[in-house]
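Residues per chain are reported as follows:
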Amino acid sequence: MTAASPAAEGWAESLAGWALPAELLASVDQSPYAWPARVFACTATRRSDPVTGPLLLQLLPEAGSLIDVGAGTGRLSLPIAAAGHRVLAVEPNAAMAAELERGTASMTGSVAVVRRRWPEVAAAVGPHDVALTANVVYDVADIGPFLEALDRSATLAVVVELTQRHPWDGLRGYYRSLHDVELPDGPTVDDLVAVIGEVIGVTPQRRDWPSPRSLTFESRDALLELYATRLCVRDDRRSELEQLIGDDIEEIDDGAIALRLPSGGMTTLWWEKPANARAP
Ligand SMILES: C[S@@+](CC[C@H](N)C(=O)[O-])C[C@H]1O[C@@H](n2cnc3c(N)ncnc32)[C@H](O)[C@@H]1O
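Residues numbered from 1 in each chain as written. Predicted model: local features only at pLDDT ≥ 70, side-chain atom pairs only at ≥ 80, totals over all residues. Heavy atoms only, no water.

### Quick word on unusual backbone geometry
And step 1. A cis amide bond links Trp118 with the next residue in sequence, Pro119, at an omega value of 5 degrees.
And step 2. Here the bond from Gly186 into Pro187 is cis, since omega is 5 degrees, no more than 30 degrees from zero.
And step 3. Within the secondary structure, Pro187 sits in the loop between helix H8 (172–179) and helix H9 (189–199).
And step 4. With a phi close to 50 degrees, Ala63 is a non-glycine residue in the positive phi region.
And step 5. At Asn135, a residue that is not glycine, the phi angle is positive and equals roughly 60 degrees.
And step 6. Structurally, Asn135 is set in the loop between strand S4 (128–134) and helix H7 (143–152). (Helix = DSSP H or I, 4+ residues; strand = E, 2+ residues; numbered from the N terminus.)

### A word on the site of the ligand
And step 1. Neighbouring the ligand are 16 residues; Gly70, Arg75, Glu91, Trp118 and Ala134 lie closest to it.
And step 2. In this structure, Arg75 approaches the ligand through a side-chain N or O atom, which is 2.8 Å from an oxygen atom.
And step 3. Separating an oxygen atom of the ligand from a side-chain N or O atom of Asn135 is a distance of 2.9 Å.
And step 4. Surface burial for the ligand is 95%, taken as the share of its 600 Å² of free accessible area covered by protein chains.
And step 5. Its residues assigned to classes, the shell around the ligand shows 8 nonpolar, 4 polar and 4 charged. (Near = heavy atom within 4 Å. Polar contact = N/O pair within 3.5 Å; in protein donor to acceptor, adjacent residues only side chain to side chain. Areas by Shrake-Rupley, 256 points an atom, 1.4 Å probe, with all protein chains shown as cover. Nonpolar A, V, L, I, M, F, W, Y, C, P; charged D, E, K, R; others polar.)

Structural data, given as structure tokens:
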């Protein structure tokens, strides 16, 4: 059971501040929180991975095992499996999991997929050499049990990748303009480091690195559709949205486009299990 952790309580309180006004949520058909698998797959195939992937390869022994919690479409799982490691991907979103499985079809390694939430499923999966969670923690209010279960499931090391600030941080100007809604400041990566200190009892190693573009799209329509959903914009305000974000749309390599959002940077945190400590 998780011991009381003021830092974990602070994490939950800060995340609660991101709840959008009920009347705004009620005014739209689609939840702004949805994870569209196609957009995510499009982004994942274009995102460079200068830190977390290489670190995982360093931490894993030969033919090792990785559990990837909140694996999405397999941005990190697939290359690790292709390098000859066993990977268990935990992914509750059916569309994301299906996209991940599609990705395994054309590769030599394999990824087993469990369509369940963490930590509910933790007791049912065996230990792995390394446990990973990337870009998930800001979705997790009850962060203590989530991290504890991650720590218990790893025999060698735990790796957590996250944005330094909340992933919606770059949307604050748009929310202010469209809805007069002020998005909160925290929590941040420093708050998570404090939670890890209190809940796991370690100071994680840390590497900060420049943020990649947030989401990438194959067409302007796809981009507008996603941001209309994210920003709770109904069809009758669609032209207002286009005007607001139009100048921020930029073309990137190979014809894909993205929204130029203020960048907050990425961080990879990791800690090794005491009995097996070794330099990465
Ligand atoms: C932003 S995506 C990150 C995907 C991938 N890890 C990456 O970095 O590219 C977050 C994913 O976490 C999943 N997720 C959210 N809460 C979760 C939980 N409690 N247990 C497992 N997965 C979760 C979502 O379904 C979503 O696919």
